[in-house]
Amino acid sequence: MTGGLPPVLSDQRRATITAHLVAHSGELTTRVVEAIQSRHSWFTRLGAEERSWITVVARAGIDNFISWFADDAKADVNPGSLFNAAPRALTRKVSLHQTVDLVRTTVDVVGEQINELVPPQERRALELAIVYFSRDVAFAAAELYARAAELRGGWDERMEALIIDAVVRGEADDMVVSRASALGWHSQGAVMVVVGPSAAGADLESYRHAAEALGLAVLASRQGGRVILIGSGEQLTDRDAALALVARLESRFGVGNIIVGPLAPDLANANRAARTALAAARVAYAWPDCPRVASSAQLLPERALANQDDAREALLEEIYKPLADAGGELLHTAASFLEHGSLEATARSLFIHPNTVRYRLKRIAQTTGNSLTNPRQAHVLRLAITLGRLAEGQEEGANARMHR
């Protein structure tokens with residue numbers, strides 16, 4: 001409520017002006033709608049239903065003003081109630097800025113008609129009434145949009161959580177992708193999944209804004225003490241590019257490791273990336289020197305030792321098999337170097353020159369992407385060779401049993 005108009009009108013004069021306003025309310029509504037249409041190009045881009053609802057709101061505003069002007073002490077006369085004439089869904093089609101345009105245009109048009117509607121001696125009182133009423137309408141509009149944004153924000157976060165959960169569970173079908181699009185997700189290239197510790201007091205919107213500032217389309221969800229981000233952008237050309245981008249978001253996360261899964265072609269096929277990133281995040285603590293921002297591939301040994309089958313398969317397919325297929329001498333040299341730890345000792349054990357060992361070590365690094373002279377990478381090679389031998393031993397045992 002406005003708290004009442006200044007006592008400048010007698011009841012009789014107020015009743016006379018009210019009757020005159022009621023008689024011209026239809027004409028006022030028509031002129032307001034015409035002014036909105038001519039002054040605001042966005043109005044014509046709305047659908048027919050939205051335009052009709054705005055007409056209803058305009059008429060409700062004029063009727064509400066007349067009732068308020070007639071007796072502002074009535075408990076059921078509230079300037080903000082004019083928005084009850086339209087469905088709440090209209091706030092998704094008409095922005096707060098556009099609503100302010102509507103209120104301003106309505107006030108201007110009614111003000112322009114004062115000269116025709118009332119005698120000169122009563123215009124000042126009516127102008128003052130319009131100012132009082134429009135002020136309360138503006139506050140009501142701000143409150144309405146704030147409440148709608150709060151409700152929509154909560155709904156959007158729940159929807160994002162459901163979408164990310166579907167991706168993790170491998171259920172990201174066309175419907176899930178469509179829902180993501182409704183939230184503003186637009187795939188712009190490869191998709192990455194990031195899993196990191198949630199920072200105390202940080203809301204998901206801060207992660208979204210930071211990622212969007214880097215040119216990424218992003219979905220965010222919180223699971224327990226972790227935050228899961230799914231991002232897409234043209235910059236995601238390879239793993240190194242993904243790690244570099246996530247490093248720029250590092251300050252947004254809490255204490256602990258931030259894991260980046262393998263890149264996926266799109267949201268519907270991001271299940272492996274999400275599953276791998278989550279699995280790596282669960283075992284990152286087992287590598288004390290794990291980088292703050294790491295890829296799931298860097299944690300293959302820990303994941304394999306934690307009985308993650310896909311990690312074991314990756315060690316076999318990406319490291320052991322290429323090494324074995326490159327020639328037996330590379331595999332034997334790698335195993336010997338891991339046992340003896342030096343060029344000279346390895347050369348003596350294999351009865352070859354140290355330069356030959358040096359050449360083979362270079363080929364091993366080229367073949368597997370891991371160098372035996374790097375302690376961490378040597379650990380990866382040792383585990384891959386062990387798993388490969390176990391797998392071959394099991395296969396030989398199975399073949400022997402078949403031929404008995």
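Here we summarise the structure given alongside this text. Predicted model, so just to flag it, every value in this text is computed and none were measured.

## As for the packing of helix α13 (residues 309-325) against helix α14 (residues 328-340)
Put simply, α13 and α14 touch, their axes get as near as 6 Å, and they point 125° apart. By the angle class used here, α13 and α14 are oblique. From α13, Tyr320, Leu323 and Ala324 reach across to α14, where they touch Gly328, Leu330, Leu331 and Ala334. Taken together, the residues of the contact of α13 with α14 sort by class into 6 nonpolar, 1 polar and no charged.

## Description of the packing of aromatic side chains
If you walk through the whole model with that rule in mind, you get 2 aromatic pairs. Centre to centre, the rings of Trp42 and Phe43 are 6.4 Å apart; their planes meet at 75°, and the pair counts as edge-to-face. Exposure class is identical for Trp42 and Phe43. Each is buried. Sitting over the face of the ring of Trp287, Arg376 holds its NZ or CZ atom 3.5 Å from the ring centroid.

## Quick look at the packing of helix α1 (residues 11-23) against helix α4 (residues 48-70)
α4 packs onto α1 with a crossing angle of 170° between their chain directions and a minimal axis gap of 9 Å. Taken together, the axes of α1 and α4 are roughly antiparallel relative to one another. Seen along the crossing, α1 lies across α4 with a hand that is left-handed. Between α1, through Arg14, Ile17, Thr18, Leu21 and Val22, and α4, the contact on the second element is made entirely by Phe65, Ile66, Phe69 and Ala70. Considering only residue class, the contact of α1 with α4 consists of 7 nonpolar, 1 polar and 1 charged.

## Topic: helix α15 (residues 343-350)
Buried within α15 we find Leu343, Ala345, Thr346 and Ala347. On its buried face, α15 is in contact with α14 and α16 (354-368). Where α15 begins, the side chain of Ser342 points an oxygen toward the backbone nitrogen of Ala345, at a separation of 3.2 Å.

Cut-off values and rules
- Residues numbered from 1 in each chain as written.
- Predicted model: local features only at pLDDT ≥ 70, side-chain atom pairs only at ≥ 80, totals over all residues.
- Heavy atoms only, no water.
- Axes fitted to C-alpha atoms, helices over the stretch in contact; angles between N-to-C directions.
- Helix = DSSP H or I, 4+ residues; strand = E, 2+ residues; numbered from the N terminus.
- Parallel < 35°, antiparallel > 145°, perpendicular 65-115°, else oblique.
- Contact = heavy atoms within 4.5 Å.
- Nonpolar A, V, L, I, M, F, W, Y, C, P; charged D, E, K, R; others polar.
- Phe/Tyr/Trp six-rings, centres within 6.5 Å; stacked < 30°, edge-to-face > 60°.
- Buried < 20%, exposed > 50% of the residue type's maximum accessible area, 1.4 Å probe, protein only.
- Lys NZ or Arg CZ within 6 Å of the ring centre and 35° of its normal.
- Left-handed = near helix turned anticlockwise from the far one by under 90°.
- Polar contact = N/O pair within 3.5 Å; in protein donor to acceptor, adjacent residues only side chain to side chain.

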